[in-house]
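Single-letter residue listing:
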Amino acid sequence: MNSLHFETVVLSKAITVELLPTGLDWNVLISGGDTPHVGSVSVARPDLGGGVCLEKLVLPTHKDDYVGDRYATALAALTGRTVAVSCGIHYDGLSKSGISQVMEAMEGLLPQVCAALGGQMPETDDFTKR
């Protein structure tokens, strides 16, 4: 399978989701806003009990793991493979309302990503409710 690209625009800035097949696994890059960067790395894999195991690295003062964790766990549950997500979305001076808009847009994009991988979004924790 080839790499996949998705994009949404929030507050006039693009946020992209790039999926790169890596053997049987997936590397995912989520970045955008005013200053794309690496804020967190979330790695999820299926566990022996039928669930998903998650590990992550979060840079100080960053909250990108909310999005990274959501995508990593959902895609690992869907594919049954290890998924590594590097996430960095930054908007200058973002309000609480703006944060909600970003989170809702990323949650809204996830079903499209899952569909492109041949499945429906699995039942996992919706981060917009945090």
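Here the structure is shown first, and the text comes after it.
J.: Account for helix α2 (residues 96-116), naming residues and giving values.
T.: Look at α2: 31 Å from first C-alpha to last across 21 residues, which is about the 30 Å you get at 1.5 Å a residue. Of the residues making up α2, those classed as buried are Gly 98, Val 102, Met 103, Ala 105, Met 106, Glu 107, Leu 109, Leu 110, Val 113 and Cys 114. On the buried face of α2, the contacting elements are β1 (4-10), β2 (13-22), β3 (25-33), α1 (65-79) and β6 (83-90).

J.: Explain the pattern of salt bridges to me, using residue names and the numbers behind them.
T.: As enumerated under the stated definition, the model contains 4 salt bridges in all. With its nearest N and O atoms 2.7 Å apart, the salt bridge here joins Lys 56 to Asp 69. Of this pair, Lys 56 sits in strand β5 (residues 52-58) while Asp 69 sits in helix α1, and the two are 13 residues apart along the sequence. For Lys 56, a relative accessible area of 44% gives the class partly exposed. Connected through salt bridges with shared partners, the residues Lys 56, Asp 65 and Asp 69 form a single ionic network.

J.: Quick one: what's the story with the nonpolar core, residue by residue and with numbers?
T.: Counting 30 residues, the largest nonpolar core has Val 17, Leu 19, Ile 30, Tyr 71, Leu 75 and Met 106 as its most contacted members. Elements with a minimum of two residues in this core: β1, β2, β3, α1, β6 and α2. Looking at this core element by element, the count peaks at 8 residues for α2. With residues up to four places along the chain from it excluded, the contact list for Ile 30 reads Ile 15, Thr 16, Val 17, Val 67, Tyr 71, Val 85, Ser 86, Cys 87, Gly 88, Ile 89 and Met 106.

J.: An account of the pairing of β5 is requested, with residue identities and associated values reported.
T.: Pairing of strand β4 (residues 40-46) with β5 involves 7 bridges; the strand directions are antiparallel. In the strand pairing of β5, Ser 42 is matched with Lys 56.

J.: I'd love a proper account of the pairing of β4, names of residues and values included.
T.: The loop that links β4 with its antiparallel partner β5 comprises 5 residues; one of these, Gly 50, has a positive phi angle of about 90 degrees. Across 5 bridges, β4 lies against β6 in antiparallel orientation. By the bridge assignment for β6, Ser 42 is matched with Val 85.

J.: How would you sum up the packing of α1 against α2? Please name residues and give values.
T.: Here α1 crosses α2 at 20 degrees, and the two axes come no closer than 11 Å. Relative to α2, the element α1 lies roughly parallel. Of the two elements, α1 crosses α2, and the hand of that crossing is right-handed. For the pair α1 and α2, contact is made by Tyr 66, Val 67, Arg 70, Tyr 71, Ala 74, Leu 75 and Leu 78 and by Met 103, Met 106, Glu 107, Leu 109, Leu 110, Val 113 and Cys 114, respectively. Its residues placed into classes, the contact of α1 with α2 shows 12 nonpolar, no polar and 2 charged.

J.: Give me the lowdown on the side chain of Ser 86, citing residues and values where you can.
T.: Secondary-structure assignment places Ser 86 in strand β6. Beyond its immediate stretch of four places on either side in the chain, Ser 86 contacts Val 28, Leu 29, Ile 30, Val 38, Ser 40 and Val 41.

J.: Hey, could you go over unusual backbone geometry for me, with residue numbers and the actual values?
T.: Glycine aside, residues mostly have negative phi angles, and peptide bonds mostly take the trans form. Phi at Leu 11 is positive, roughly 55 degrees, even though this residue is not glycine. Summarising the element assignment, Leu 11 is placed in the loop between β1 and β2. With relative accessibility at 38%, the residue Leu 11 sits in the partly exposed group. The phi dihedral of Thr 61 falls on the positive side, at around 70 degrees, and the residue is not glycine.

So, how was this worked out
Residues numbered from 1 in each chain as written. Predicted model: local features only at pLDDT ≥ 70, side-chain atom pairs only at ≥ 80, totals over all residues. Heavy atoms only, no water. Helix = DSSP H or I, 4+ residues; strand = E, 2+ residues; numbered from the N terminus. Expected span 1.5 Å × (residues − 1). Buried < 20%, exposed > 50% of the residue type's maximum accessible area, 1.4 Å probe, protein only. Contact = heavy atoms within 4.5 Å. Salt bridge = Lys/Arg side-chain N within 4 Å of Asp/Glu carboxyl O. Core = buried A, V, L, I, M, F, W, Y, C linked by side-chain atoms within 4.5 Å. Pairing = 2+ DSSP bridges. Axes fitted to C-alpha atoms, helices over the stretch in contact; angles between N-to-C directions. Parallel < 35°, antiparallel > 145°, perpendicular 65-115°, else oblique. Left-handed = near helix turned anticlockwise from the far one by under 90°. Nonpolar A, V, L, I, M, F, W, Y, C, P; charged D, E, K, R; others polar.

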